Amino acid sequence: MYSIEVNNLTKKFGNFTSVDNISFKVNEGEIFGFLGANGAGKSTTIRMLCGILEPTSGDAVVGGYSVVKEPDNVKLNIGYMSQRFSLYNDLTVEENINFFGGVYGLEGNLFDERKNWVLDIANLKGKEKLMTGSLPGGIKQRLALGTAVIHQPKIVFLDEPTSGVDPLSRRNFWELINDLSENGITVFITTHYLEEAEFCNKILLINAGKLIAEGNPQELKTNYLKNDILELECSNPVKAMKILESQNFIDATSIFGNNLHLNVNKNYSNKNQIEKLLISENIQVTGLDKIVPTLEDVFIHLLDKKK
Amino acid sequence: MFRRTRAIAKKEFKQLWRDKRLLFVILFFPIFLLIIFGYAVNFDVKNIQLAVLDKNNTEVSRDFVNSILSSNYFKLAKQLNNDSEIKETLDKKSAQIVLVIPKDFSKNIHTHKQPAKIQFLIDGVDGNTATIIKNYASAASTKFAIKLQKNLTQKYGVKMSYPVLLEPIFWFNPDLQTTKFLIPGLIAMILIVSSVISVSLSLVKEKELGTIEQINVSSINSFELLSGKSAPYIVVAFFDAILILIVGYIFFDVIVKGNYFFLFISTLIYIISATSMGIFISVISETQQIAFTIATFATLLPSVILSGFIFPIESMPVIIQYLTNITPAKFFIIVLRAIIIRGVGLSAFWMQLIYLILFTLVFMGLAIIISKKQEVK
């Protein structure tokens, strides 16, 4: 039994196809990363899976209910948190929790219990009367997640929940996501940060509404990237990039901090090939090694191929 | 179901309560408008500035001037000495009316050979006021003429009788006070402006902040959402209505003659129709700024100009008369005048209430259709 099952889901806005015939399955309790550039169709897909946007064709079964036929039942079984942390800044922490609890129809002991839980995960015990607008981003984000799952849904959709939050808060947030997953909740998450994608059990990459890669992080690195990746440290990476791009033994180049990542193909023989070339152009090579590819390498490779 | 509506309404109340500036505007604006309108918008013509050119300058002519002044409507602005001053007086607006008594005034009165003529020159720039001044002036002159005639007939020992005596009584508003007539229009205007603006802004704000999406993914339905969101503003609008009635009583002696229950029910129906307009505007506006502009434009002008609040609808061109149906204020004003001023029952205004309900249904229907379309987009 899958938690989410998507079958040939398509969404068209006029002539523009935002989501183009995608299908995938998500296991219960899985952390499922849904990645893609801005405008790739991530949010549109999430909105359809949440039952607030009707698909043009295809269907998805979320928590056992069809998003086309029973969107209201879908809504009862999911939580949703957007990048905008939809909390009311002019309400106190407690009033926000009360509001979302009320919207989800919670009451009595269960409500008190859930309110405590939300305060607990957001580290806001004893600070119930604080204005939400005065909270730091990381705390707000945890409070937003807490209120999004206050009704204990089996599935939670997080649409870029970590954008605009500092790295430490992001790491703490991922711990929270892991906790949810360990408790059997399916976490469907989109993110811009590829290093975060490494924490996912399964990743799906979409581009221009089409599914282009699928698997766990390890599978993605081995199945979709046959070439080796070299990391080059040199005195003038920008100039080096220009020179190397035109070489027939290199498929793609990209800048990582001060270094260059080179995606080399079968025409590549050894390091000398590159070193010689750069020295002749007066570029000092201080390091050149084969590395384990990052997800970013994989995606750059995949998106390059699409072009 | 009520638990969810209550959660929304409670939240909305809290937000409104914290927004002291908005709260102040909503509560103070009606009183401010009422007092300004009540004192400034006044169609009663009093203290008309009168200039007199008395070429006759006899006891009779002075008697005539005094009898004009005794009516309390006119105030002697100045005495003129020759014809050339007339033009100057009117040009400079130092008087609204100039009374010219010819040289032969007393001679004609005493000889009875021909009627004694007098001339009134009235500033006709404001046609409405000019007509009123003319009526006052001719009434005052007639009174003087009757007095003379009475004296004359008595001199010959004949008792004078009037074949027809006109005795007008103004029903509902015996003193013809403008404020009494204005209060219903003011209530209608203030309620529609404040409810449409506040409801549309509060809904568009959720759109702008993205919080509406969070609410949409919960299983709440649009009826629960909209009724919860409107409830606080309906309560505030009611409070406004009561405030206006109290201030109207204190400052302008306006009392409700009719039934308070009908007043309550019709005000509720009216506020709900205004709310439906606010909801409609929130659906077609993306930002609070746009919503505010549309809401102001759609409520303020029609409720002042097209509602019959100030200008009688019957004297508008037919096409404009049809156009007046776009504002629910028109119908509510009829209801309010019936209840507050005339004190009559439901039979006088049930049609208007039905229209207000239809108006609400049409706007809610449109709002639902358009928002469904936007969703699919």
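What counts, and where the lines are drawn
Residue numbers here run from 1 along each chain, matching the order of that chain's written sequence. As a convention, the first chain written is A and the first ligand written is 1, with the rest following in written order. Local features in this predicted model are restricted to residues whose pLDDT is 70 or higher, and side-chain atom pairs enter the listing and the counts only when it is 80 or higher, whereas totals over whole chains, interfaces and linings include all residues. As a rule here, side-chain values cover all heavy atoms of the structure and leave hydrogens and water aside. Secondary structure elements follow DSSP: runs of H or I no shorter than four residues count as helices, runs of E no shorter than two count as strands, and numbering proceeds from the N terminus. Each residue's exposure class comes from its accessible area (1.4 Å probe, protein chains only) as a fraction of the maximum for that residue type: buried when under 20%, exposed when over 50%, partly exposed otherwise. Throughout, the Shrake-Rupley method with a 1.4 Å probe supplies accessible areas, and for residues the shown protein chains are the sole cover considered. Each residue carries a pLDDT score, the predictor's own confidence in it, on a scale running from 0 to 100. Just to be clear on terms, a salt bridge is a Lys or Arg side-chain nitrogen sitting within 4 Å of an Asp or Glu carboxyl oxygen. In this analysis, two residues are considered to be in contact whenever any of their non-hydrogen atoms come within 4.5 Å of each other. Accessible-area loss on putting two parts together, using a 1.4 Å probe and summing over both, is the definition of buried area adopted here. Contacts described as polar in this section are N or O atom pairs within 3.5 Å, which, within protein, must combine one atom able to donate a hydrogen with one able to accept it, while residues neighboring in sequence count only if both atoms come from side chains. Annotation comment: domain bounds sourced from an automatic or database domain assignment.

> Describe the overall build of chain A, listing the residues and the values that go with them.
Broken down by element type, chain A carries 11 helices and 14 strands. Its C-alpha atoms put chain A at 75 × 45 × 35 Å along the principal axes. Looking at chain A as a whole, 53% of its 307 residues qualify as buried. By element, 45% of the accessible surface of chain A is carried by carbon and sulfur atoms, the whole surface being about 13,800 Å².

> Tell me about the confidence of the model for chain B, and please be specific about residues and values.
For chain B, per-residue confidence averages 87 on the pLDDT scale, and residues scoring 70 or more make up 97% of the total. The weakest mean pLDDT in chain B belongs to helix α2 (residues 20–40) of chain B at 83; the strongest belongs to helix α10 (residues 260–284) of chain B at 94.

> Pulling in residues and values, what's your account of the pattern of salt bridges?
Two side chains of opposite charge can pair, provided their charged atoms sit close to one another. Evaluation of the coordinates by the stated rule reveals 24 salt bridges over all chains. Here A:Arg47 and B:Glu213 are joined by a salt bridge, their closest N and O atoms 2.2 Å apart. Placement of A:Arg47 in helix α1 (residues 42–49) and of B:Glu213 in helix α8 (residues 211–217) is noted, with the two residues assigned to different chains. In this structure B:Glu213 comes out as partly exposed when scored by relative accessible area, which is 22%. When salt bridges that share partners are traced, they join B:Lys11, B:Glu12, B:Glu206 and B:Lys229 into one network.

> Describe the interface of chain B and chain A, listing the residues and the values that go with them.
Counting residues at the interface gives 26 residues for chain B and 30 residues for chain A. For the chain B face of the interface with chain A, the top three residues by lost area are B:Arg3, B:Gln214 and B:Val217, together amounting to 26%. At the junction of chain B and chain A, the tally comes to 4 salt bridges. Taken together, chain B and chain A are joined by 11 residue pairs in polar contact (both at pLDDT 80 or more). Of all the elements in the fold, those that place two or more residues in the side of chain B that touches chain A are α1 (2–18), α7 (178–209), α8 and α14 (350–376) of chain B. The greatest single-element share of the side of chain B that touches chain A, amounting to 8 residues, is contributed by α1(B).

> I'd love a proper account of the domain arrangement of chain B, names of residues and values included.
You can read the domains of chain B as domain 1 (2–41 + 177–376) and domain 2 (48–155). Centre-to-centre, using C-alpha coordinates, domain 1 of chain B lies 50 Å away from domain 2 of chain B.

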